[in-house]
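# Residue-level structure breakdown
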Amino acid sequence: MRTKLERIRADIEALAAFNATPGEGLTRLSFTEEHRKAAQYITEQMQQAGLAVRTDAVGTIIGRMEGTDPAAPVVMCGSHFDSVKNGGNFDGPAGVITGLETARVLHENGVVPKHPIEFIAMIEEEGARFGAGLFGSRAMTGRLGEQELATFTDPDGITTGQAMRAFGLDPAHYADAVRKKGEIKNFIELHIEQGPILENSGDAVGIVETVVGIKEVEVTVTGRPDHAGTTPMDMRADAFLVAAKTAIAANEAAVAVGEGTVATVGKLEVRPGSFNIVPGKVVFYVDIRSKSTDCIEAVLAAVTAKLNELTAGNGALSYALRMMVETKPVQADPHVCDLLAESAEKLGLTSRRMLSGAGHDAMIMADITNIGLVFVPSRGGRSHCPEEWTDYDLLQNGIETVCETVQRLACE
Ligand code: HGY
Ligand code: MN
Ligand code: MN
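Since the structure is predicted, the reported quantities are computational estimates derived from the model, not experimental observations.

## With respect to unusual backbone geometry
In the segment running from Arg271 into Pro272, the intervening peptide bond is cis, with an omega of 0°. Of note, Pro272 is situated in the loop between β9 (262-271) and β10 (277-278). We note that Leu134 has phi near 55°; this positive angle belongs to a residue other than glycine. Within the element layout of this structure, Leu134 appears in the loop between β4 (117-122) and α4 (135-140).

Now the structure itself:
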């Protein structure tokens, strides 16, 4: 092993401290003090590894190692360092630390690659603050628009653009983050699996071949707030009842279409939100994922049909949909997958080809480059919760695999 387990542990523990909810899992939202402190730590670690460090126009941190051919396309390696609310310490940081440790190993072993290598720490991959994730990679690939910066808000009504400005970034320059097609040779990401398959298989690393497509849609149901005690049941325009029945329809449609399709309503807000008021407005999010685009569309159609059915014939009920994130299923590059498998084998590690049910920045980077995505096991398959955990030696196996592969890609 060329990587150092103690450095990996120290990085995870250091980043875990930049947390808004200590004792209740990790909460590190974008453009907050927790973000600033984590960015400072990552920047320092990158500098100590000999990298030239910059922050792009939307806040993603980029540490660059020059190659012998500065005009050669860049090999990129990294992940994100924001979190969900009350999440775990490995979702994202495991991949950022993979980059840090790879940079350290190449630097201390005097490896000078042909291709420049850029180590990446993306922001706002989870979308936990503004509702639209994969933000840093969407900015890099040109999928971000100024409409989003001006209209997507956090629970306090602060827009993404306002939060960027308060953080010291100029949202008007968001397009400066865009990287041109051809500029990047590969994007390699290590991530925890966040599910039970790899751990149950006993294999050391997962090599992702396909990442599911995602549609995350915001649904606003408008009804009429009324007194909960005096309004007869047949005279109500109850926005929550519409939302609840729609959530059940989404669940039933995902089960019906099969092919591993999933649908989740994980965020819902009832307004005004008092026990004795018939809900006048409900805003909720339907997250639909599948390796099949047709299945995603079928579930979305079922959601829309249910909303039409429930609001037709009641003039006081209406709904609106807003697409927050939509990505198609994405394939990892076969050559990169083979290199990852060869690296694992060379290290004496077993590997298996996998599907990713979680979205990752790599799936967005696939718009402009060839990607590789490596999984390490999650204990009990748990993630997006304080129980999220990966033993450091199991994480190190993945980091060694990526380090070996990044070096080969950058030197070939
Ligand atoms: O939602 C996801 O799949 C990822 O954790 N952002
Ligand atoms: Mn996540
Ligand atoms: Mn993640």
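## Comments concerning the coordination of the manganese ion (ligand 3)
Tetrahedral coordination by four donors sets the ideal angle at the metal to 109.5 degrees; octahedral coordination by six donors sets it to 90 or 180 degrees. Protein-derived ligands of the manganese ion (ligand 3) are His80 (NE2), Asp91 (OD) and His191 (NE2), with the metal-ligand distances lying across 2.1 to 2.2 Å. Written as a sequence motif, the donor residues of the manganese ion (ligand 3) are H-x10-D-x99-H. In this model, the manganese ion (ligand 3) sits 3.4 Å from the manganese ion (ligand 2), the two metals being bridged by Asp91. Here His80, found in strand β3 (residues 74-80), pairs with Asp91, found in the loop between β3 and α3 (93-108); they are 11 residues apart in sequence, far enough to count as distant.

## What about the site of ligand 1?
Surveying the vicinity of ligand 1 reveals the residues Glu125, Glu126, Arg289, Ala358, Gly359 and His384. With respect to ligand 1, the side chain of Arg289 contributes an N or O atom lying 2.6 Å from an oxygen atom. Contact distances for ligand 1 include 2.7 Å between an oxygen atom and a backbone N or O atom of Gly359. Summarising the interface, the protein chains cover 86% of the accessible area of ligand 1, which totals 210 Å² for the free molecule.

## Brief notes about helix α2 (residues 33-48)
Relative to the 22 Å expected for 16 residues at 1.5 Å per residue, α2 spans 23 Å between its end C-alpha atoms, a close match to the ideal helical length. Restricting attention to buried positions, one finds in α2 the residues Glu34, His35, Ala38, Ala39, Tyr41, Ile42, Thr43, Gln45 and Met46. Those residues of α2 hidden inside the fold are in contact with α1 (5-16), β1 (52-55), β2 (61-65), α3, β4 and α6 (160-167). Count one or two residues on from α2 and you reach Gly50, which has phi positive near 85°.

## Observations concerning the packing of α1 against helix α12 (residues 392-411)
With their axes 10 Å apart at the nearest point, α1 and α12 run at an angle of 105° to one another. As the angle between them shows, α1 and α12 are arranged roughly perpendicular. Listed contacts from α12 to Leu5, Ile8, Arg9, Ile12 and Glu13 of α1 are Tyr392, Asp393, Leu395, Gln396 and Ile399. Along the lines of polarity and charge, the residues of the contact of α1 with α12 split into 6 nonpolar, 1 polar and 3 charged.

## What about the side chain of Thr401?
Looking at the secondary structure, you find Thr401 in helix α12. Discounting residues that sit within four places of it in the chain, Thr401 has contacts with Val205, Leu340, Ser343, Ala344, Leu347 and Leu349.

## So, the nonpolar core
Core analysis: the largest hydrophobic core is formed by 96 residues, its most contacted members being Phe31, Ile42, Phe81, Met365 and Leu395. It is α12 that contributes the most residues to this core, 7 residues altogether. A domain split of this core shows at least three residues from each of domain 1 (5-211 + 329-411) and domain 2 (213-327). When sequence neighbours within four positions are dropped, the list of residues in contact with Ile42 reads Leu15, Ile61, Phe81, Val96, Leu100 and Ala121. Formed by 22 residues, the second largest nonpolar core is a distinct cluster that contains Phe284, Val286, Leu300 and Leu310.

So, how was this worked out
Residues numbered from 1 in each chain as written. Chains lettered and ligands numbered in written order. Predicted model: local features only at pLDDT ≥ 70, side-chain atom pairs only at ≥ 80, totals over all residues. Heavy atoms only, no water. Helix = DSSP H or I, 4+ residues; strand = E, 2+ residues; numbered from the N terminus. Donors = N, O, S within 2.8 Å, 3.2 Å for Na, K, Ca; no water. Near = heavy atom within 4 Å. Polar contact = N/O pair within 3.5 Å; in protein donor to acceptor, adjacent residues only side chain to side chain. Areas by Shrake-Rupley, 256 points an atom, 1.4 Å probe, with all protein chains shown as cover. Expected span 1.5 Å × (residues − 1). Buried < 20%, exposed > 50% of the residue type's maximum accessible area, 1.4 Å probe, protein only. Contact = heavy atoms within 4.5 Å. Axes fitted to C-alpha atoms, helices over the stretch in contact; angles between N-to-C directions. Parallel < 35°, antiparallel > 145°, perpendicular 65-115°, else oblique. Nonpolar A, V, L, I, M, F, W, Y, C, P; charged D, E, K, R; others polar. Core = buried A, V, L, I, M, F, W, Y, C linked by side-chain atoms within 4.5 Å. Domains from an automatic or database assignment.

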